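# Structural features, examined
So you can see what is in the structure, the chains are spelled out below.
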Amino acid sequence: MNASLDDRLAVLAEQAGIDVHWRDALDRPQVTPPDTLRAVLRALGLAADNADDIEASLRRIEDERSGREIPRLLTADAAGRLALPASPRGRAWKILREDGGIVSEGELPSSEREIAAPSEPGYYTLALGDDEVTLAVAPSRCFGVADVRDAHRPWGIAVQMSGLRRPSDGGIGDFTALELCARAAAEKGADALAISPLHALFAAAPERYSPYAPSSRLFLNGLYIDPTRTSGEQTVRAVIDTHNLRQELAELEWLELIDWPRAARARMTILRSVYEWASVDLAGSERFMAFRREQGEPLERHARFEALHADFTAHGRPGGWQGWPAEFHDPAGPAVAAFAREHSREVAFHAWLQWLASQGLAGAQQAARDAGMKIGLIADLAVGADSGGSHAWAHQGEVLSGLSVGAPPDALNRLGQDWGLTTFSPRGLRESGFRGFIGMLRAALAHAGGVRIDHVLGLKRLWMVPHGAGATEGAYVRYPLTDMLRLIALESHLHRAIVIGEDLGTVPSDFRGTIGEKGLLGIRVLWFERAADGGFIAPTEWSREAMATTSTHDVPTVAGWWSGRDVEWRRRTGLDNPDVDEAAERETDRHMLWRALYASGSAWNEEPLPAQDDISPVVVAAARHVSLAPAPLAIFPVEDVLGLHEQPNLPGPTDAVHPNWRRRMPDSSARLFDGPIAHAVCSAIDQTRNRS
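Residues numbered from 1 in each chain as written. Predicted model: local features only at pLDDT ≥ 70, side-chain atom pairs only at ≥ 80, totals over all residues. Heavy atoms only, no water.

With that out of the way, let us pick up the overall build of the protein chain. Each helix and strand in the protein chain was counted, giving 21 helices and 24 strands. Computed over its C-alpha atoms, the radius of gyration of the protein chain comes to 26 Å, within 12% of the 26 Å expected for a compact globule of 692 residues. Each of the 692 residues in the protein chain was classed as buried or not, and the buried ones make up 56%. Residue pairs in contact within the protein chain that sit at least 24 positions apart in sequence constitute 72% of those at least 6 positions apart. When the accessible surface of the protein chain is split by element, carbon and sulfur atoms take 49% of a total near 29,600 Å². (Helix = DSSP H or I, 4+ residues; strand = E, 2+ residues; numbered from the N terminus. Rg over C-alpha atoms; globule rule 2.2 N^0.38 Å. Buried < 20%, exposed > 50% of the residue type's maximum accessible area, 1.4 Å probe, protein only. Contact = heavy atoms within 4.5 Å. Areas by Shrake-Rupley, 256 points an atom, 1.4 Å probe, with all protein chains shown as cover.)

This part is about the pattern of salt bridges. For side chains bearing opposite charge, pairing can occur when the charged atoms are close. Within the structure shown, the criterion is met by 48 salt bridges. The shortest N-O distance in the salt bridge between Asp 589 and Arg 530 comes to 3.5 Å. Of this pair, Asp 589 sits in helix α18 (residues 582–599) while Arg 530 sits in the loop between β22 (522–525) and β23 (546–549), placing them 59 residues apart in sequence. Exposure remark for Asp 589: the relative accessible area of 16% places this residue in the buried category. Ionic contacts of the salt-bridge type, sharing partners, join the residues Arg 565, Glu 568, Arg 572, Glu 646 and Arg 663 into one network. (Salt bridge = Lys/Arg side-chain N within 4 Å of Asp/Glu carboxyl O.)

For helix α3 (residues 51–65), spanning 15 residues, the distance from its first C-alpha to its last is 21 Å, which sits close to the expected 21 Å at 1.5 Å a residue. Where α3 is concerned, the buried positions are Ile 54, Ser 57, Leu 58 and Ile 61. The arc enclosing the buried residues of α3, seen along the axis, measures out at 105°, which places them on a common side. A side-chain oxygen of the first residue of α3 lies 3.1 Å from the backbone nitrogen of Asp 52; this N-cap is Asn 50. (Expected span 1.5 Å × (residues − 1). Arc of directions from axis to C-beta. Polar contact = N/O pair within 3.5 Å; in protein donor to acceptor, adjacent residues only side chain to side chain.)

Next up on the list: the nonpolar core. Leu 178, Leu 193, Trp 352, Phe 437, Leu 633 and Phe 673 are the most contacted members of the largest nonpolar core, which totals 199 residues. The leading source of residues in this core is helix α10 (residues 344–370), at twelve residues. Residues within four places of Phe 673 in sequence aside, it is in contact with Ile 157, Cys 181, Ala 184, Ala 185, Lys 188, Val 638, Val 641, Leu 642, Ala 678 and His 679. If you look at the next biggest cluster of nonpolar residues, it comprises 16 residues, including Ile 115, Ala 117, Leu 128 and Val 133. (Core = buried A, V, L, I, M, F, W, Y, C linked by side-chain atoms within 4.5 Å.)

And the structure:
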C-alpha cells in the first residue's frame, strides 16, 4: 500500500513540476524523499498527505491543463505560431495593439488550435470568443551588445554601491557617489558600470543589509539617497546641526568598514527632516503625488509595509509580517487600510523615499551616458526576496510560502545552501499572468542599460528547501522557462538593454545553449576557465556568448588569490578542506596562471614568477589576459582594477567572522581610478579591447 501511495505521490510531484529523480554535482542519481515531496507540494498549494489528497490534486492539475480555461497571459515568438486552448466549438478571434488597433482577426474552427502571432514584438490583447488575454510577443533574441550603437568590444567596471565614497557621504555610498564613479570610469574608456542590487531592504532593520536578501525587488533602497540633491547643502547642514550629527557623520565617513546601523540611523534622521521641509514645496509635492499615482497600488503596499514594519518593530515585534497580528496579514484588509489612514504621513514618507531613489538612479544612468558610456549602468537582480518582506506580504498569491531557495551540495559547499529567500511560485506566475515577474524586470531596467540576473538557472529550476529542513533535504522545482525567456527578451527589446545571466556552478549541460539562443550572456570567470589538467585555458578559447571577468563578488580578487588571502580566510572561517594542503595547491596554481598569462602575451616574462606579495604585475596581466577573450563584453570588479586583496563577500560566514558587504573603497569615486595600478589596469584593458 505504501509503495503504491509513494508511486502516486511521485506521479503527482512530476506533474506539479518537482524533480523526483535528479543528478547531483558529481553526476550521481538521486531520488527526492516522500516527506520532501509532500512539503514542496503543500507549498505549491497541492495537498498530498494521503491517497485521497493525491488523487484530488492530480485531478486539479488535469483540469488546469485541459485547456478549458485560457491563461491570463500567453507568450509567443514574433511571427511564430500561437497555441490556444481546445474548444468544442469554433471561435472568433482578434489581436489588438495596446492602442486598440486591430492587428489581425479571424475564425478559429474547433478542429484547430493555432493562429499566427504578430510579427512585431510587443504586448497585445487577444480576444478569443468571450475571453480576453494578454499576449506577449517576443523577439528571437534579447537586445545584445551588438545592438548597442557604436559599441566596439566594450568593457566595464563592477562596483558595490554601498562601498563607494564621496566627501561628506556619512559613511555609506549613494547615488551621487555612483554618478561620480560612472564619470571617472568613462574617462578611462569604460562603457558600462555594473552595480550591486539596489533592491529595497528593511528601513526599520538596518542590520539586515545583504543586497541579495531584499524585502522587495520592485523598489529601491532609500539609504542610497543623497539628501542634498533634494533640499541643497545649506538645508542639509542645518538639519545636521539641529540633530547634532556633525561628529557622528565625520566618524562614519572615515571608517574602513560600513557601520550599517549607525550610518542608516543618521541618514534616515536627515531624510525625515528633509521630508518635512520638502512638504512645503508645492511644485515638488505635485510631482511627488503624480509619481504615487503612476506607481499605483504596488507602491502603496510597499510604503504601508514599511510603515507597519517600523511600527511593529518599535513595539517589540521585529522580524517578518508573519509575526504580526493576523488582521494585518492581508494587505487589502480593513486593518491595514485603517493603519494607513492613521499613519498617512509615515506611509507618504516611504513613498517619497522611492520617488527620490528613482530620481537618483535615473540621474546616475544619465550621468553615465552623458560621460560617453555606450551601455551605462548594469543593474543586478537578486534570485529571491525575504519571505517576511514587502514583496512576500504584498503579493502573497505570487510567491512561495514555506520554502527557501538554496542549492544542493556541490564542490564549493559540501553541506548545501539555504539562502533563506522566497521567490515566485511557478503556479502563481501562471495564475497572475506573470504580473509580478514582468514588474520586477521593468523595475530592474527602468534606469539601466542592462541587467545581471543572479542564479539564472532559476528560470528553469530552483532548489527549494522546506522550512525546518536541512539544506540537503530540498527538491528541484521546475519553472516555465520558455515563457520567462520570452518575457525577458521582450522587456530587453523594449528597454534596449542587454541581459547577463549568472550561470556559474553546476548547470544542466544544455542550459547554457538554451539561454544563449535567446541572447542572454553567460559569465566566464578567470578562476574557473580551466583545462582537464587544471591549467588555465587560453583567453582565445573562452566563450563568445558570455561576459568575461577576472572575478566576482563571491570569489577571490586577483590580488587576494595571488597572495593567498582567500586561503587564509577559508582556514580562519572553517571553509577549508582539512584533507587538502590548500597553500601548496595555490603555489602550483600560481605557476600555472603565470604560464597562461605569459602564453597569451599578457605577462612580459615567464620567469621569474612574481613574488606572492608582488601583486601589481599579476593584476595588470590578468586584466589584459581576460580582455583578450572574444566575449562581447568584459567586466572587471573594481577590486581587480585597484589591486585590492579583500573580496566583498565570502559566502557562508556571518558578519561576526567576515565583514560581508561592508568594505569601503580606498578613495572618493571621483579619484578612484587615478592611482598607478588602476591607471595601468584600465590602460591595458582599453588598449586590448579596442585594438583593431
